[in-house]
Amino acid sequence: MSNGPTLALVGATGAVGTVMIDIINGRESVPWGEIRLIASPRSAGKKITVRGEELTVIALSPEAFDGVDVAMFDVPDEVSAEWAPIAAERGAVAVDNSGAFRMDDDVPLVVPEVNADKVADRPRGIIANPNCTTLSMMAALGALHREFGLKELVVASYQAASGAGQDGVDRLYAELDAVSGKGLGAKAGDVRAALEAGGLSLADTPFAGTPLALNVVPSAGSYKGDGWFSEELKVRNESRKILGIPDLKVSATCVRVPVVTTHSLAVHATFEREVTVEAAHKVFEAQPSVVLVDDPENGRFPSPAEVVGNDPTYVGRVRQALDFPNTLDFFVCGDNLRKGAALNTYEVAEQLAPEFS
Ligand SMILES: NC(=O)c1ccc[n+]([C@@H]2O[C@H](COP(=O)([O-])OP(=O)(O)OC[C@H]3O[C@@H](n4cnc5c(N)ncnc54)[C@H](OP(=O)(O)O)[C@@H]3O)[C@@H](O)[C@H]2O)c1
């Protein structure tokens, strides 16, 4: 590797960390001199090939950050909460993918297409990455907001199992195995019965004790009271912070669906100024990280099966709401492990690199 800043990837062995390594390997060039892979002591010594070089994973410790310029964190909340400040104290800028710092007033919440300038304003030396549901619509929504002024936002999400980590993916596949070929009838209880017959308990599922195979689950994250789940409150609070609209009216309903990877959202957005489908199409076409697929007459619109593994946000089904002025309805799909997690973090890290070159 050439001379350049040192990049650390904390959580290199996880679901997001693995996609991060794919992204680094897929880049035509990288600005980094050294890339350091860090995980728990369980993974220390593991070998992972990065840009043709076999690297050895080291255990997380204060010394692991010596000489590091940018440290990306793809670890559970409590690990980030403890270790991102330690990385910052040792001179690195921490770019954190967890929920530990997103709503901290001294930590910018950055989506480069929307608020790249906030990267410079980081009093704690930490920059946060939004949650994957909010991120999946932000490139599209930010572009519309710049043009028409966003006023109100109502969204329903269709979230993939991998949003709940590797555990969520493993559980969905196990449930699909259990229900396939069972000759399920139309009775509501059949999926549960098939899971039980397959030896799968519903007591410890990552999906609120509800089957996900052949089902949809209107619950994401933890229950926060007054009827709201944490993912729905994140969509509201993080959208406001990223777009810089503290009083934005937001209401979200988050639903888990039996898709492995790629979140979708049905968005109902009201603007200050008049907006037409043609004008919105132009805005989407001018945004490099958005792909417009909007020909419903010929069955062309985004869906997770087409979008998974791709970097951009896909937008379609754009229409003017019939009974609501200055309002668009549209459908968005984004790979929750790429732009929804690893890619956005890496884009922020890339933006930081020239500061250390
Ligand atoms: N999945 C998504 O769609 C998504 C989207 C956006 C954000 N996120 C966030 O990204 C973070 C990572 O998620 P994930 O799905 O990749 O989780 P994961 O698959 O469980 O991976 C966790 C990673 O953290 C490491 N780790 C765990 N405890 C550690 C410790 N005490 N010290 C050092 N390393 C430790 C693990 O190392 P070992 O392998 O050594 O245990 C592993 O590399 C989470 O905060 C999550 O909320 C996830």
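So, how was this worked out
Residues numbered from 1 in each chain as written. Predicted model: local features only at pLDDT ≥ 70, side-chain atom pairs only at ≥ 80, totals over all residues. Heavy atoms only, no water. Helix = DSSP H or I, 4+ residues; strand = E, 2+ residues; numbered from the N terminus. Buried < 20%, exposed > 50% of the residue type's maximum accessible area, 1.4 Å probe, protein only. Contact = heavy atoms within 4.5 Å. Areas by Shrake-Rupley, 256 points an atom, 1.4 Å probe, with all protein chains shown as cover. Lys, Arg positive; Asp, Glu negative; His and termini not counted. Charge placed at Lys NZ, Arg CZ, Asp CG, Glu CD. Phe/Tyr/Trp six-rings, centres within 6.5 Å; stacked < 30°, edge-to-face > 60°. Near = heavy atom within 4 Å. Polar contact = N/O pair within 3.5 Å; in protein donor to acceptor, adjacent residues only side chain to side chain. 1 Å grid on protein atoms, 1.4 Å probe; cavity = no way out; pocket = protein on both sides within 12 Å on 5 of 7 lines; lining within 4 Å. Sits in = over half its atoms within 2 Å of the grid points. Nonpolar A, V, L, I, M, F, W, Y, C, P; charged D, E, K, R; others polar. UniProt positions renumbered as here; feature names shortened; annotations may be inferred. Axes fitted to C-alpha atoms, helices over the stretch in contact; angles between N-to-C directions. Parallel < 35°, antiparallel > 145°, perpendicular 65-115°, else oblique.

Visitor: Quick rundown of the overall build of the chain? Include the residues and the values.
Guide: When helices and strands are counted, the chain shows ten helices and 16 strands. Its C-alpha atoms put the chain at 60 × 55 × 40 Å along the principal axes. Among the 357 residues that make up the chain, the fraction classed as buried is 52%. Here the contacts in the chain between residues at least 6 apart in sequence split such that 68% fall between residues at least 24 apart. For the chain, the exposed surface amounts to about 15500 Å²; the carbon and sulfur share of it is 49%. Charged side chains of the chain number 31 positive and 49 negative; the gap between the two group centres comes to 2 Å.

Visitor: Hey, could you go over the packing of aromatic side chains for me, with residue numbers and the actual values?
Guide: Applying the stated criterion across every chain yields a total of six aromatic pairs. Relative to Tyr-346, the ring of Trp-32 lies with its centre 6.4 Å away and its plane at 65°, an arrangement referred to as edge-to-face. One end of the pair, Trp-32, is in the loop between α1 (15-26) and β2 (35-39); the other, Tyr-346, is in helix α10 (residues 338-352), with 314 residues separating them in the sequence. Each member of the pair, Trp-32 as well as Tyr-346, is classed as buried.

Visitor: Can you lay out the site of the ligand for me, pointing to particular residues and giving the numbers?
Guide: Around the ligand sit 26 residues, and of these Thr-13, Val-16, Ser-40, Ser-43 and Val-75 come closest. Interatomic distance of 2.5 Å between a side-chain N/O atom of Thr-13 and an oxygen atom of the ligand. Within the side chain of Ser-40, one N or O atom sits 2.6 Å away from an oxygen atom of the ligand. Out of a free accessible area of 920 Å², the ligand has 77% covered by protein chains. Here the ligand occupies the largest pocket. Each residue belonging to the shell around the ligand can be placed in one class, and the counts come to eleven nonpolar, twelve polar and three charged.

Visitor: Let's hear about the UniProt feature "binding site: substrate" (unreviewed entry) in the chain: which residues, and what values?
Guide: Those residues carrying the UniProt feature "binding site: substrate" (unreviewed entry) are Gln-159 and Arg-256 in this numbering. What stands out for the annotated residues spanning 98 residues is how close their C-alpha atoms remain, the widest pair being 4.6 Å apart. Lining residues of the largest pocket, restricted to the annotated ones just named, are Gln-159 and Arg-256. Considering the arrangement of structural elements, one finds Gln-159 in strand β9 (residues 150-159).

Visitor: Lay out the packing of helix α5 (residues 165-179) against helix α6 (residues 190-197) with the relevant residues and their values.
Guide: Running from N to C, α5 and α6 point in directions that differ by 100°, and their axes come no closer than 8 Å. With respect to α6, the element α5 is oriented roughly perpendicular. Only Val-191, Ala-194 and Leu-195 of α6 make contact with α5, whose side of the interface consists of Arg-171, Glu-175, Ala-178 and Val-179. Split by residue class, the contact of α5 with α6 holds five nonpolar, no polar and two charged.

Visitor: Tell me about the environment of Asn-336, and name the residues and values.
Guide: With respect to the helices and strands, Asn-336 occurs in the loop between β16 (327-334) and α10. Accessibility expressed as a relative area gives 2% for Asn-336, which makes it buried. Distance from Asn-336 to Asp-106, taken between C-alpha atoms, is 26 Å for residues 230 residues apart in sequence. Aside from chain neighbours lying at most four places away, what touches Asn-336 is Cys-132, Ala-160, Ser-162, Gly-163, Thr-261, Thr-262, His-263 and Ala-341.

Visitor: Help me get a handle on unusual backbone geometry, residues and values and all.
Guide: One non-glycine residue, Arg-51, adopts positive backbone phi at about 50°. Assignment of secondary structure puts Arg-51 in the loop between β3 (47-50) and β4 (53-56). On the accessibility criterion, Arg-51 (30% relative accessible area) is partly exposed. The backbone of Asn-326 shows a phi angle near 50°, a positive value even though the residue is not glycine. Note on placement: Asn-326 falls in the loop between β15 (313-320) and β16.

Visitor: Any details on the UniProt feature "binding site: NADP(+)" (unreviewed entry) in the chain? Residues and values, ideally.
Guide: UniProt's feature table lists "binding site: NADP(+)" (unreviewed entry) at Thr-13, Gly-14, Ala-15, Val-16, Arg-42, Ser-43, Ser-162, Gly-163 and Asn-336, given in the numbering used throughout. Taking the farthest pair of C-alpha atoms as the criterion, the annotated set spanning 324 residues is dispersed, since that pair is 26.1 Å apart. Checked against the lining of the largest pocket, the annotated residues reduce to Thr-13, Gly-14, Ala-15, Val-16, Arg-42, Ser-43, Ser-162, Gly-163 and Asn-336. You can see Thr-13 is positioned in the loop between β1 (7-10) and α1. Among residues more than four places away in sequence, those in contact with Thr-13 are Thr-18, Ala-39, Ser-43, Lys-46, Ile-48 and Val-57.

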